[in-house]
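A look at the structure
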Amino acid sequence: MVEVKKALCGGCLFGFACPILAHVDGDRILKIEPDPLGYTNYPARCERLKLWPNLNEIILRHPKRLNYPLKRVGKRGEGKWERITWEQAIEEIAEKLKEIIENYGPEAIALAQGSVYGDMDIGQHRFQCLLGTPNAWFEGKQCGGARFPIEIAMYGYITFLGIPIPSKTGCIVFWGGSPSEWPNRQWFERVLECRASGTKIICIDPRPTSEASLSDLWLQIRPGSDAALAMAFLNVIIEEELYDKEFVQKYTLGFDRLKEAVKEMPPDRASKITWIPKDKIIEAARMIGTHKPVCWGGGGDYITTNHLGPATSVFSYYFYALVSLTGLDEEGGMYLYKNMENYGCAYGKYVAMWKHLCEHPKRKRDTVGSDIYPIGSCRAWMTYYDAMKEVEPYGFECQYLTMPSHAAVVDAILTGKPYPIKALISQAGGLSSFSLGRLVEALKSSNLELFVTMDIFPTPFTALADYVLPAAHTVEKDSLMTFNGLVFFIHGGEKAVEPLYERHDDYDLWKDLGRKLGLDMPDKEKLLDMLLEPTGMRFREFVEKKRYYFP
Ligand code: SF4
């Protein structure tokens, strides 16, 4: 009998997870269509689905999928495996974790999460906080890891993705991002509507992108010189008094120091560094300063500076100063993403329980590397929390302040300093942002006593694991998309089919292991109900009647 399920599409690696109606016969997805109740009808226009209309069914039955739990029987990387049951895998992994906790403390267990298939963060975050290890990270480490902590330090929150509004947004600045190339073009289509309504567009990118072609001004920047450009914009905007004076007076500290600092970067100096003509820098700064509110960037990807280490941090400081002078937390500009309870999700209360982690009685040490990289530690999070607790009782959920340095994790495995990491559990390619050479050495090292991966397909990391666990795909599980607490809306969908073979929901790993270790890990549906407390709905009702929550 054919049933229609209110599911989520798993066609993208990083889950926008568009809402779909899946027509299902038993364990087969016959076809999908957009759900009119969903937050987007994008599946109707999606380029991927035009190519592969039943992409989810293809992934569901792909011959390379991992289907059964495997235990290594040869040397690491030798490719010799024994098929075992899920229960045996959980039992053995839990026993080993107990031994490691007994000998080295919970901090010796590191947890890695990669690209999301449906929801995944909820399990790892809760497990981590209840267990008491600070050494955990998610895929955001490789995109916003250098920028968001700066923003959090400056505003207390992040802005991430502004929502441009036609006839309201004065100017949109693409700084390296290319939303026209995103699989989900909703945001870019909003940009086109804004442009038609008279919004100015500036593109800062060395490449001749679609954004460049529709811009009023295209600044073809020398890659990596963004900080100089941001300083020069500030120089002009402050010098010509084009900033929001009321905002500066009411809400900022240190404006005079900023003013002094950017005097060092007049447009002619910035021109030599950035290769952008001086007049264009001035013209762009004036356009920004006179067309507020400004909607900046295209999301998390300011690509000409990301991953430049200290350069990214310096850029971020000036960039976020620019954001705050040109329409921060204004409709049509850049919103502050505050506690998710405002957006219908008790995420900080039940999942991202960083205060619980920081005060955990069994946690004796901070993240490995916290002495060298203090942002990326419980100490950083508590400093932040102390400053914000009156407005954010659970603290902002974002994990960026607590994630350890990748290099320090590898060092801790190989050298045992500052203390040893003895177990590593990785889901969905959670190690893909590491520098590979030393990581492989660490994964092969006998110092690492336990290495577990859970994924939908084999990867170079599953090849080196002690246990490989098969993950369910988006259409095989109920999901509440919380985006690691990064955005201000949530949406959900039910599973279209039961997991095939012996695949499991990612959450099962944390629930089953957690229970073996005496942690309070509820059934997934119960946790989803708890998370939806602010909406007054339970998960099933939410999916049936509401589907998404957007304030
Ligand atoms: S963008 Fe397309 S493939 Fe990706 S989740 Fe949405 S509908 Fe599926």
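In what follows, the structure referred to is the one given above.
Notes on the structure follow. (Residues numbered from 1 in each chain as written. Predicted model: local features only at pLDDT ≥ 70, side-chain atom pairs only at ≥ 80, totals over all residues. Heavy atoms only, no water.)

What follows covers the pattern of salt bridges. Going through the model one piece at a time under the given rule, you end up with 40 salt bridges. Of the charged contacts, one joins Glu-498 and Lys-495 as a salt bridge, the two residues approaching to 3.3 Å between their closest N and O atoms. A network of salt bridges, in which partner residues are shared, links Asp-27, Arg-28, Glu-57 and Arg-61. (Salt bridge = Lys/Arg side-chain N within 4 Å of Asp/Glu carboxyl O.)

If you look at the biggest cluster of nonpolar residues, it comprises 180 residues, and the most contacted ones within it are Trp-175, Phe-233, Trp-296 and Leu-431. Counting residues per element, this core draws most heavily on helix 8 (residues 226-239), which supplies 11 residues. (Core = buried A, V, L, I, M, F, W, Y, C linked by side-chain atoms within 4.5 Å. Buried < 20%, exposed > 50% of the residue type's maximum accessible area, 1.4 Å probe, protein only. Helix = DSSP H or I, 4+ residues; strand = E, 2+ residues; numbered from the N terminus.)

The linkage connecting Lys-292 with the following residue, Pro-293, adopts the cis geometry, with an omega of -5 degrees. Turning to its location among the elements, Pro-293 is positioned in the loop between helix 12 (278-290) and strand 11 (294-296). Residue Ser-167 is not a glycine yet carries a positive backbone phi of 65 degrees. Relative to the assigned elements, Ser-167 resides in the loop between helix 5 (148-155) and strand 8 (171-175). At Ala-428, a position not held by glycine, the phi torsion is positive, near 55 degrees.

With that out of the way, let us pick up the packing of aromatic side chains. Across all of its chains, the model carries 17 aromatic pairs by this definition. Judged by centre distance (6.0 Å) and plane angle (85 degrees), the ring pair of Tyr-155 and Tyr-320 falls under edge-to-face. Placement of Tyr-155 in helix 5 and of Tyr-320 in helix 13 (residues 310-325) is noted, with a sequence separation of 165 residues between them. For the residue pair Tyr-155 and Tyr-320, the accessibility class agrees, reading buried in each case. Ring centres of Tyr-317 and Tyr-318 lie 5.0 Å apart, and the angle between their planes is 75 degrees; this geometry places the pair in the edge-to-face category. Taking relative accessible area as the criterion, Tyr-317 reaches 34% and is therefore assigned partly exposed. Over the ring of Tyr-68 we find Arg-83, and its NZ or CZ is 3.5 Å from the ring centre. (Phe/Tyr/Trp six-rings, centres within 6.5 Å; stacked < 30°, edge-to-face > 60°. Lys NZ or Arg CZ within 6 Å of the ring centre and 35° of its normal.)

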